[in-house]
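# Descriptive structure summary
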Amino acid sequence: MNQFRILGKDLRVSAIGLGIMGMDHAYGGAADRGEMAELIRYALEQGCNFFDTAPIYGQANEILLGEAVKHCREQAVIATKFGIVGQTHSAAGLDNQLDSRPESIRRQVEQSLKNLQTDYIDLYYQHRIDPNVAPEAVAQVMGELIGEGKIRHWGVSNAPEDYMARAHAVTPLTATENQYSMVFRQPERSLFDFCAERNIGFVAYSPLGNGFLSGRFNASSEYADGDFRRTMKRFSADVMANNQPVLDFLHELAAAKSATAAQIVLAWELAQRDFIVPIPGTTKKHRLAENLGALQIRLTAEELHTINAKLNEMDIDESHF
């Protein structure tokens, strides 16, 4: 399997990237800075050059990445985001504070450049759309930032297709970042075709279902304080039990291929379209090595057909994420 893929027209990235959100956000407390910097540099040594961060993961997350790669900046492809400027707590959980006004975007990009200790961002995503700002206005600012050399490419995350089409007509999108895994297959319905028609790459976050598909968790697993899996329905005992056939099947196939369940999942995902780049996150070197090992797994057309047929038969509630 090719070690690199092209997003959009010409953004060359490793076929599997590294999401660094979990080093600071959503899965408990911040991980050790020295160890995480070493992990990022280890990823580069292993051929993984594509790193995903965002200000809302904590300013420290961007700072960590920038510090880790500043000695070899041209080797790294940095993706960060704009559009979420804060979060507030409500009865429903965390609510994003959205701001994609042109003047706000310019403040946000300058702060990210400072945090990352760089003078350009390789891929700049609108983290969530702002209902108060037209896509054309956002795309216009992106075109200006590209012209100024502050960003090289731009994209969106979880944006509706009509929004993407309008934005793409002003300044072409290089990628969209959305959730995609064996337990969340919504992008297959129309988004993949939409991207293929417009040469837009697809970056898949949570490709292992937040770890669900790795086989490391079960209905009795416990999670640390601050780990959002404690409240994710996907990890509730009843949903885990309902989706257990997914895990059982993956383990059977993994054993037959002398691989791990996580490697089968990532190999399956890479085989769906040649413009898909999964970005599993981890804080452990052996897990990173395992994930990158998926590039050595070859799934035959018959195996892929069988996997998809099995998935189609399973009762997977995608709302429980």
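Residues numbered from 1 in each chain as written. Predicted model: local features only at pLDDT ≥ 70, side-chain atom pairs only at ≥ 80, totals over all residues. Heavy atoms only, no water.

So, about helix H4 (residues 135-147). Helix length check: H4 (13 residues) gives 18 Å between terminal C-alpha atoms against 18 Å at 1.5 Å per residue, within 8%. Residues of H4 that are buried make contact with strand S5 (77-82), helix H3 (102-116), strand S8 (123-126), strand S9 (154-157) and helix H5 (161-170). Note on H4: the residue one or two positions beyond its end, Gly149, has a positive phi of about 80 degrees. (Helix = DSSP H or I, 4+ residues; strand = E, 2+ residues; numbered from the N terminus. Expected span 1.5 Å × (residues − 1). Contact = heavy atoms within 4.5 Å.)

Turning our eyes to something else, we now look at the environment of Ala139. Mapping Ala139 onto the fold places it in helix H4. Taking the C-alpha atoms as reference, Ala139 lies 9.7 Å from Met164; in sequence the two are 25 residues apart. Ala139 has contacts with Trp154, Ala167, Val170 and Thr171, leaving out every residue within four places of it along the chain.

Taken in spatial order, the eight strands of this open sheet run S3-S4-S5-S8-S9-S10-S11-S12, and their pairing is parallel. With partners counted over all chains shown, the strands left at the sheet margins are strand S3 (18-19) and strand S12 (276-278), one partner each. Examined bridge by bridge, S9 and strand S10 (residues 175-179) share three bridges and lie parallel to one another. Bridge pairing in S10 places Gly155 opposite Ala175. Where H4 meets the sheet, it contacts S5, S8 and S9, and its direction lies at approximately 145 degrees from that of S9. Against the sheet, helix H6 (residues 191-198) contacts S10, strand S11 (201-205) and S12, and its axis sits at roughly 145 degrees relative to S11. (Pairing = 2+ DSSP bridges. Axes fitted to C-alpha atoms, helices over the stretch in contact; angles between N-to-C directions.)

Leu18, Ile40, Tyr124, Met142, Trp154 and Leu213 are the most contacted members of the largest nonpolar core, which has 84 residues in total. Once you skip the residues sitting within four places of it in the chain, Ile40 turns out to touch Leu18, Ile20, Met23, Phe51, Leu64, Leu65, Ala68 and Val69. Core analysis: the next-biggest nonpolar cluster, separate from the first, contains 13 residues, Leu11, Phe50, Val77 and Val277 among them. (Core = buried A, V, L, I, M, F, W, Y, C linked by side-chain atoms within 4.5 Å. Buried < 20%, exposed > 50% of the residue type's maximum accessible area, 1.4 Å probe, protein only.)

Now for the pairing of S9. Neither face of S9 is left uncovered, since the one carrying Trp154 and Val156 and the one carrying Gly155 and Ser157 both have all their residues buried. In this sheet, S9 lies alongside S8 in parallel orientation, the contact comprising three bridges. Paired with Gln126 across the two strands is Val156, which belongs to S9. The handedness of the S8 to S9 crossover, carried by H4, is right-handed. Once you follow S9 into H5 and on to S10, the crossover reads as right-handed. (Right-handed = clockwise from strand over helix to strand, strands pointing away.)

With that settled, the discussion passes to helix H11 (residues 301-313). With 13 residues, H11 ought to run about 18 Å at 1.5 Å a step, and its terminal C-alpha atoms sit 18 Å apart, in line with that. Its buried side turned inward, H11 meets helix H8 (244-256) and helix H9 (261-272).

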